[in-house]
Amino acid sequence: MPWQAFRRFGQKLLRRRTLESGMAETRLARCLTTLDLVALGVGSTLGAGVYVLAGEVAKDKAGPSIVICFLVAAVSSVLAGLCYAEFGARVPRSGSAYLYSYVTVGELWAFTTGWNLILSYVIGTASVARAWSSAFDNLIGNHISTALQGSVALHVPQVLAEYPDFFALGLVFLLTGLLALGASESALVTKVFTAVNLLVLGFVIISGFIKGDLNNWKLTEEDYQLAMAETNDTYSLGPLGSGGFVPFGFEGILRGAATCFYAFVGFDCIATTGEEAQNPQRSIPMGIVISLSVCFFAYFGVSSALTLMMPYYQLQPESPLPEAFLYTGWASARYVVAVGSLCALSTSLLGSMFPMPRVIYAMAEDGLLFRVLARIHTGTHTPIVATVVSGIIAAFMAFLFKLTDLVDLMSIGTLLAYSLVSICVLILRYQPEQEIKTGEEMELQEEMITTESEKLTLRGLFFPLNSIPTAVSGQVVYVCSSLLAVLLTALCLVLAQWGVPLLSGDVVWITVVVLLLLLIIGIIVVIWRQPQSSIPLHFKVPALPFLPLVSIFVNIYLMMQMTAGTWARFGVWMLIGFTIYFGYGIRHSLEEVKSKQRSRKSRAKTGSIYVHRV
């Protein structure tokens, strides 16, 4: 029957991976400590952005209130970080958001998440490699770029870079070799560079508070006119706004916070170390929370020091810290800043490259990508094929492409992963306690769910009879969470695309928003009333279901800010991914193999019963 075939196909797309409780055997080496994970998270998150981003946001968007922007962005990132921390305690495996999605919402969503994580890591690696090359070239007087532009320039504007970046190519190959040596060796290099970076940032913060002037947080129109009279290039001055600590108002803080949010992207690489951490159920939650805290204090301190040292409208977005030290009379400090910047870029590059082969390895081991990518080196216990292949792809992109137009794709992939992890935490917390099940047990459970769901009443939605999760309450939360994802997406789309008529008092759009909010609140109340799981974990997200839902809303809203061109490129990337999944992954999935084995056992059992009766 066509309907039965369609139903079986749908079940394949939504089948979930089953896992043993606790730490399972792994082919990777468990060698990473909590300190290693903190260094990896800080190094990946606290990249070169801390040396550039603060100047850009302070000059044009927020002024001295950039410190509030970083606080708001940190709170938003912590919401996603807490969800990752709970999953790290619950599912200590490689794969990060990919695996979390596979366990909770099914195979198709898991592949979508993993495929986008790969894109994010590849583009992140390539763009940071080119930034490292550019920073080093700038430090030595731009001799490399001048020579390459004159000899091997690429004349394909809007597609390729101005010249092939041999330095970035070699850098990615060098770090690929380092990653292939082993996780502990990579962690040692990361710790050294991260320590140097933090020392430099400490120097910047202390120097800024010593040389800073509180009057730079109280600037007025007279100060601005005086600056215009003293400078020869008035075009280099940014806007004054209204002056004071919040010169661009509450709207400026929100716009600045949206930009600063991306400064905290990167901590999720910690979640890919589930099979290499010595005690992942404890180390991963601690690593995520500590690394985000360190990054917040670093961003907060640097932005405070920067806006104290120099008026915000005189900051230079390309090199704010060297210019600030020049303004205060400490020009020689630019060399200290340059060393810190290169160390930050190095750790950021390692932070992008380290999780990439782990996600590929996890997907290949599950059969969703080609099995050869799951091959482990017997000596170093690293996913050698995935490491080399991902390194070659990233090196090729860094060598030829100008990646400024593709960087927004990183954001879509990362934000999608954050959203799915949040919704997975929400779903799993309300599921009944259960051990790993065989295929027959899972089919029996599905039949029980179907039988019990017939007894579900409207009163039972708001006043459940049981104080512990049941199959019925778990299904209620699963369905409600899916509806919430759709409604929150619709709300964010309306707010992002039709915000102007909404603010101007358009009755139609106000009515739409109110209806969406009423539906969302009603569904949240239904979820809130369901019993939660009492399984003891090393870490649990507080204030369920509200914190994950706020995280989902923030992530989806930021995704809706992307341009149509970015979404078109995202569609092309997903088309390539779905071609691989429906052409290879759906047939070679480990869950598909298990399903076929169960079918063969079932047929053999039926045949033996028939023979016995005859």
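Residues numbered from 1 in each chain as written. Predicted model: local features only at pLDDT ≥ 70, side-chain atom pairs only at ≥ 80, totals over all residues. Heavy atoms only, no water.

### So, the packing of helix α6 (residues 107–139) against helix α15 (residues 355–365)
With their axes 9 Å apart at the nearest point, α6 and α15 run at an angle of 155° to one another. In this view, α6 runs roughly antiparallel relative to α15, as classed from their interaxial angle. Handedness of the crossing formed by α6 with α15: left-handed. Touching Phe111, Gly114, Trp115, Leu117, Ile118, Tyr121, Val122 and Thr125 of α6 are Pro355, Met356, Val359, Ile360 and Met363, all from α15. (Axes fitted to C-alpha atoms, helices over the stretch in contact; angles between N-to-C directions. Helix = DSSP H or I, 4+ residues; strand = E, 2+ residues; numbered from the N terminus. Parallel < 35°, antiparallel > 145°, perpendicular 65-115°, else oblique. Left-handed = near helix turned anticlockwise from the far one by under 90°. Contact = heavy atoms within 4.5 Å.)

### Digging into the side chain of serine 145
Within the fold, serine 145 resides in helix α7 (residues 143–151). When its relative accessible area of 12% is taken as the criterion, serine 145 is described as buried. Within polar-contact distance, the side chain of serine 145 engages the side chain of aspartate 137 at 2.7 Å. When neighbours within four sequence positions are excluded, serine 145 is seen to be in contact with Asp137 and Tyr163. (Buried < 20%, exposed > 50% of the residue type's maximum accessible area, 1.4 Å probe, protein only. Polar contact = N/O pair within 3.5 Å; in protein donor to acceptor, adjacent residues only side chain to side chain.)

### Here we look at the packing of aromatic side chains
Counted under the stated rule, the structure contains 30 aromatic pairs. On the numbers, 4.4 Å between centres and 10° between planes, the contact of tryptophan 115 with tryptophan 573 is stacked. Of this pair, tryptophan 115 sits in helix α6 while tryptophan 573 is found in helix α24 (residues 564–588), placing the two residues 458 residues apart along the sequence. No difference in accessibility class separates tryptophan 115 from tryptophan 573, as the two residues are buried. Pairwise contacts between aromatic rings join Tyr84, Phe87, Tyr100, Phe261, Phe267 and Tyr418 into one cluster. Positioned above the aromatic ring of phenylalanine 354 is the side chain of arginine 358, whose terminal nitrogen or guanidinium carbon lies 4.0 Å from the ring centre. (Phe/Tyr/Trp six-rings, centres within 6.5 Å; stacked < 30°, edge-to-face > 60°. Lys NZ or Arg CZ within 6 Å of the ring centre and 35° of its normal.)

### Looking at the packing of α15 against helix α16 (residues 384–400)
Where α15 meets α16, the axes come as close as 9 Å, and the angle between the chain directions of the two elements is 125°. Overall, the two elements α15 and α16 adopt an arrangement that is oblique. α16 is crossed by α15, and the crossing has right-handed handedness. For the pair α15 and α16, contact is made by Met356, Pro357, Ile360 and Tyr361 and by Ala386, Thr387, Ser390 and Ala394, respectively. Here the contact of α15 with α16 is composed, by residue class, of six nonpolar, two polar and no charged. (Nonpolar A, V, L, I, M, F, W, Y, C, P; charged D, E, K, R; others polar.)

### Here's the deal with a nonpolar patch on the surface
A surface patch of nonpolar side chains, about 780 Å² in accessible area, is lined by Leu458, Phe462, Phe463, Leu517, Ile521, Val525, Trp528 and Phe546. Of all the elements in the fold, those that place two or more residues in the nonpolar patch are α19 (458–462) and α22 (507–529). Among the elements that take part in the nonpolar patch, α22 stands out by supplying four residues, more than any other. Along the chain, leucine 458 turns up in helix α19. Take leucine 458: its relative accessible area is 65%, and that puts it in the exposed class. (Patch = residues over 30% accessible without salt bridge, like charges linked within 9 Å, V, L, I, M, F, W, Y side chains within 5 Å. Areas by Shrake-Rupley, 256 points an atom, 1.4 Å probe, with all protein chains shown as cover. Salt bridge = Lys/Arg side-chain N within 4 Å of Asp/Glu carboxyl O.)

### Notes on helix α3 (residues 49–62)
Helical periodicity: at 3.6 residues per turn, an α-helix aligns residues three or four positions apart in one direction. Helix length check: α3 (14 residues) gives 16 Å between terminal C-alpha atoms against 20 Å at 1.5 Å per residue, more than 12% under. Within α3, burial applies to Val50, Tyr51, Leu53, Ala54, Gly55, Val57, Ala58, Lys59, Lys61 and Ala62. Glycine 63 lies just past α3 and shows a positive phi near 65°. (Expected span 1.5 Å × (residues − 1).)

### Quick word on the nonpolar core
The biggest cluster of nonpolar side chains holds 175 residues, and the ones touching the most others in it are Tyr84, Phe264 and Leu369. In terms of residues, this core owes the most to one element, helix α17 (residues 407–429), which gives 14 residues. Excluding residues that lie within four positions of it along the chain, leucine 369 makes contacts with Phe111, Trp115, Ile118, Ile360, Met363, Ala364, Ile580 and Tyr584. (Core = buried A, V, L, I, M, F, W, Y, C linked by side-chain atoms within 4.5 Å.)

### Observations regarding the environment of arginine 282
Its location among the elements puts arginine 282 in helix α12 (residues 280–309). For arginine 282 and glycine 88, which are 194 residues apart along the polypeptide, the C-alpha to C-alpha distance reads 8.2 Å.

### A word on the confidence of the model for the protein chain
With 90% of its residues at a pLDDT of 70 or more, the protein chain has an overall mean of 82. The spread of mean pLDDT over the elements of the protein chain runs between helix α18 (residues 439–453), the lowest at 45, and α22, the highest at 91. Every residue in residues 435–454 scores below 50 in pLDDT, and together they form 18 contacts with partners more than four places removed in sequence or on other chains. (pLDDT = per-residue confidence, 0-100.)

### A word on the environment of glutamate 276
Structurally, glutamate 276 can be placed in the loop between α11 (249–261) and α12. Sequence-wise, glutamate 276 and serine 184 are 92 residues apart; in three dimensions their C-alpha atoms are separated by 9.2 Å. Beyond its immediate sequence surroundings of up to four residues, glutamate 276 is in contact with Leu28, Ala29, Arg30, Cys31, Leu32, Ala183, Phe354 and Arg358.

### Structural notes on unusual backbone geometry
Following leucine 544, the chain continues into proline 545 via a peptide bond in cis, with omega recorded as 5°. Locating proline 545 in the fold gives a position in the loop between α22 and α23 (546–559). Backbone geometry places histidine 381, a non-glycine residue, at a positive phi of 55°. For histidine 381, the position within the fold is in the loop between α15 and α16. With a phi angle near 55°, alanine 543 is a residue other than glycine that sits in the positive phi range. In this structure, alanine 543 sits in the loop between α22 and α23.

### Focus on empty space enclosed by the protein
In the structure shown here, the tally under the stated rule is two cavities of 30 Å³ or more. Counted as a void, the largest cavity has a volume near 70 Å³. Lining the largest cavity we find Leu32, Asp36, Leu37, Leu40, Leu179, Ala183, Ser186, Ala187, Thr190, Leu350 and Phe354. Every element with two or more residues in the lining of the largest cavity is listed here: α2 (34–45) and α9 (183–211). Here the element with the most residues in the lining of the largest cavity is α9; it accounts for four residues. By volume, the second largest cavity amounts to about 40 Å³. Arg17, Arg93, Ser94, Leu99, Glu275, Ala362, Glu365 and Asp366 together form the lining of the second largest cavity. Counted by class, the lining of the second largest cavity contains two nonpolar, one polar and five charged residues. (1 Å grid on protein atoms, 1.4 Å probe; cavity = no way out; pocket = protein on both sides within 12 Å on 5 of 7 lines; lining within 4 Å. Points joined across faces, edges and corners; volume = space filled by probe spheres on them.)

### Considerations on the pattern of salt bridges
Counted according to the given criterion, the structure contains six salt bridges. The salt bridge involving glutamate 592 is made with arginine 15; its shortest N-O contact spans 2.6 Å. Placement of glutamate 592 in helix α25 (residues 590–613) and of arginine 15 in the loop between α1 (2–14) and α2 is noted, with a sequence separation of 577 residues between them. Here glutamate 592 and arginine 15 have matching classes, each one buried. What emerges from the salt-bridge pattern is a single network uniting Arg15, Glu107 and Glu592.

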